[in-house]
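# Overview (structure and organization)
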Amino acid sequence: MTADPPYLRIAAELRRRIASRELAPGDRVPSTRRITQEWGVAMATATKALATLNQEGLVRAVPGVGTVVAEPVRPRGRDTAPGEGLSRQRVVRAAIALADAEGLGALSMRRVATEFGTSTMALYRHVPSKGELVRLMSEAVFAGAPSGPEPAGWRPRLRREIRWLWSQYERHPWLARAMAGLTRPMASPHAMSYTERTLGTMRDLGLTPHAMIHIHLSLLGYAQGVAMAVELESQARQDTGLTAEQWMAANETRLDSIQLTGAYPVLSNLFGDEEFDLELGTLFEFGLERMLDGVESLIERSPGP
């Protein structure tokens with residue numbers, strides 16, 4: 001009897017861990033690098049094992065986190081008639097789940113209707129257009145707020161608000177594009193509550209209204225800009241079937257050959273033998289602290305309350 005290829009044996013073991021709940025939904029599965037170390041296989045074999053589980057819907061890639069166990073799909077019950085119990089809230093929840101999984105480009109009224117096994121016209125009774133649906137999706141996300149006691153001091157408070165915003169962008173990669181209009185903001189009470197909280201952290205610091213709104217919009221624009229990379233990574237993952245780590249491994253030879261030309265001496269020798277993995281969360285935190293340094297400098301130069 002011919003033994004299964006190594007990638008299938010690895011996939012089978014990870015499948016067993018998922019089935020036994022040793023790896024629960026949301027848990028990170030071993031990375032390709034960890035698989036190469038644990039099973040002693042090549043990177044290409046590790047990549048193929050994770051791709052197999054992805055095709056089966058058992059795992060999914062989360063930008064900035066890695067590959068995690070996917071939530072089980074709960075099909076609509078056989079005893080539920082198409083469109084039965086349909087409401088605006090249920091439509092918005094389904095649209096958010098769809099956009100989280102497949103991106104904003106996959107969202108359409110027809111596609112959401114398919115999730116309920118009903119007609120598109122049935123959805124229009126609850127949501128008048130796709131544009132309004134996206135607004136309601138964004139509004140639902142912004143209904144949340146940072147948890148726990150409010151820290152003392154403007155910098156910890158402002159940092160907490162921007163980190164909360166970033167966490168929403170990580171959880172919902174489509175959100176940054178949906179809210180990208182700085183000059184044409186949505187008329188959304190919950191989103192405006194976020195703005196109110198952010199501006200509140202700068203009250204009584206001696207800043208002019210002009211400075212306060214520009215600080216808010218600069219930080220918002222920064223978070224959105226980095227978050228766009230989250231959405232692009234999510235889309236690239238769907239298009240190629242490869243995580244960022246797997247893509248780097250597949251293109252390692254080509255990238256090495258470019259650097260070996262000697263045309264990029266600083267870049268090629270920046271880390272020496274040290275490995276560098278770009279992680280968007282780390283990049284976001286670094287930039288956030290530098291921007292807060294700038295805000296602090298501005299406050300120090302202000303005339304005071």
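Source: prediction; values computed, not measured. (Residues numbered from 1 in each chain as written. Predicted model: local features only at pLDDT ≥ 70, side-chain atom pairs only at ≥ 80, totals over all residues. Heavy atoms only, no water.)

With that out of the way, let us pick up the overall build of the protein chain. Counting its regular elements, the protein chain contains 15 helices and 2 strands. Taking as baseline every contact in the protein chain between residues at least 6 positions apart, the subset at least 24 positions apart corresponds to 68%. Approximately 17,600 Å² of the protein chain is accessible, and the part contributed by carbon and sulfur atoms is 55%. (Helix = DSSP H or I, 4+ residues; strand = E, 2+ residues; numbered from the N terminus. Contact = heavy atoms within 4.5 Å. Areas by Shrake-Rupley, 256 points an atom, 1.4 Å probe, with all protein chains shown as cover.)

The next subject is the packing of helix α1 (residues 6-19) against helix α3 (residues 43-55). With their axes 8 Å apart at the nearest point, α1 and α3 run at an angle of 50° to one another. One element, α1, and the other, α3, form an angle in the oblique class. In this structure, the crossing between α1 and α3 has a hand that is right-handed. Two secondary-structure elements touch here, α1 through P6, Y7, I10, A11, L14 and R15 and α3 through T45, K48, A49, L50, T52 and L53. The residue makeup of the contact of α1 with α3, split by class, is 8 nonpolar, 2 polar and 2 charged. (Axes fitted to C-alpha atoms, helices over the stretch in contact; angles between N-to-C directions. Parallel < 35°, antiparallel > 145°, perpendicular 65-115°, else oblique. Left-handed = near helix turned anticlockwise from the far one by under 90°. Nonpolar A, V, L, I, M, F, W, Y, C, P; charged D, E, K, R; others polar.)

Let us now look at a nonpolar patch on the surface. Judged by side-chain polarity, I258, Y264 and L267 come together as a nonpolar surface patch covering roughly 300 Å² of accessible area. When you line up the elements, I258 lands in helix α13 (residues 252-259). (Patch = residues over 30% accessible without salt bridge, like charges linked within 9 Å, V, L, I, M, F, W, Y side chains within 5 Å. Salt bridge = Lys/Arg side-chain N within 4 Å of Asp/Glu carboxyl O.)

Right, let's get into the environment of A178. The residue A178 is located in helix α9 (residues 175-178) in this model. Given a relative accessible area of 13%, A178 falls into the buried group. Taking the C-alpha atoms as reference points, A178 and V134, separated by 44 residues in sequence, lie 7.0 Å from one another. (Buried < 20%, exposed > 50% of the residue type's maximum accessible area, 1.4 Å probe, protein only.)

Let us now look at the environment of R110. Position of R110 relative to the elements: it lies in helix α5 (residues 109-116). Residues R110 and T120, 10 residues apart in the sequence, show an inter-C-alpha distance of 5.2 Å.

With that settled, the discussion passes to α1. With 14 residues, α1 ought to run about 20 Å at 1.5 Å a step, and its terminal C-alpha atoms sit 20 Å apart, in line with that. Taken together, the buried positions of α1 are Y7, I10, A11, L14, R17 and I18. On an axial view of α1, the arc spanned by its buried residues comes to 120°, and they lie on one face. (Expected span 1.5 Å × (residues − 1). Arc of directions from axis to C-beta.)

On to the packing of aromatic side chains, then. Within the structure shown, the criterion is met by 5 aromatic pairs. With a centroid separation of 6.0 Å and 65° between ring planes, the pair formed by F142 and Y194 is classed as edge-to-face. Here F142, found in the loop between α7 (130-141) and α8 (154-171), pairs with Y194, found in helix α10 (residues 189-200); they are 52 residues apart in sequence, far enough to count as distant. Assigned by exposure class, F142 and Y194 land together as buried. Aromatic pair W166 and F284: ring centres 4.5 Å apart, planes at 5°, arrangement stacked. Taken together, the residues W166 in helix α8 and F284 in helix α15 (residues 280-301) connect sequence positions 118 residues apart. On the basis of relative accessibility, which here comes to 0%, the residue F284 falls in the buried class. (Phe/Tyr/Trp six-rings, centres within 6.5 Å; stacked < 30°, edge-to-face > 60°.)

Moving on: the confidence of the model for the protein chain. For the protein chain, mean pLDDT is 82; residues scoring 70 or higher make up 83% of the total. Across the protein chain, the element-wise mean pLDDT spans from 68 in helix α12 (residues 244-250) up to 93 in α8. (pLDDT = per-residue confidence, 0-100.)

Under the counting rule described, the total for this entry stands at 15 salt bridges. Here D293 makes a salt bridge to R155, at a shortest N to O gap of 2.8 Å. Remark: R155 occurs in helix α8 and D293 occurs in helix α15; sequence separation between them is 138 residues. Here E161 and R197 are joined by a salt bridge, their closest N and O atoms 3.0 Å apart. Taken together, the residues span a long stretch of sequence, with E161 in helix α8 and R197 in helix α10 at a distance of 36 residues. Judged by relative accessible area, which is 24%, R197 ranks as partly exposed. Sharing partners across several salt bridges, the network here consists of R155, R159, E289, R290, D293 and E296.

Attention now goes to the nonpolar core. The biggest cluster of nonpolar side chains holds 56 residues, and the ones touching the most others in it are L107, V112, L133, M137 and W174. Considering every element that reaches this core, the biggest residue donor is helix α11 (residues 209-240), with 10 residues. The residues contacting W174, other than those within four sequence positions of it, are I96, A99, D100, L104, M137, S138, V141 and E231. Listed in part, the 15 residues of the second largest apolar core include Y7, V29, V41 and L53. (Core = buried A, V, L, I, M, F, W, Y, C linked by side-chain atoms within 4.5 Å.)

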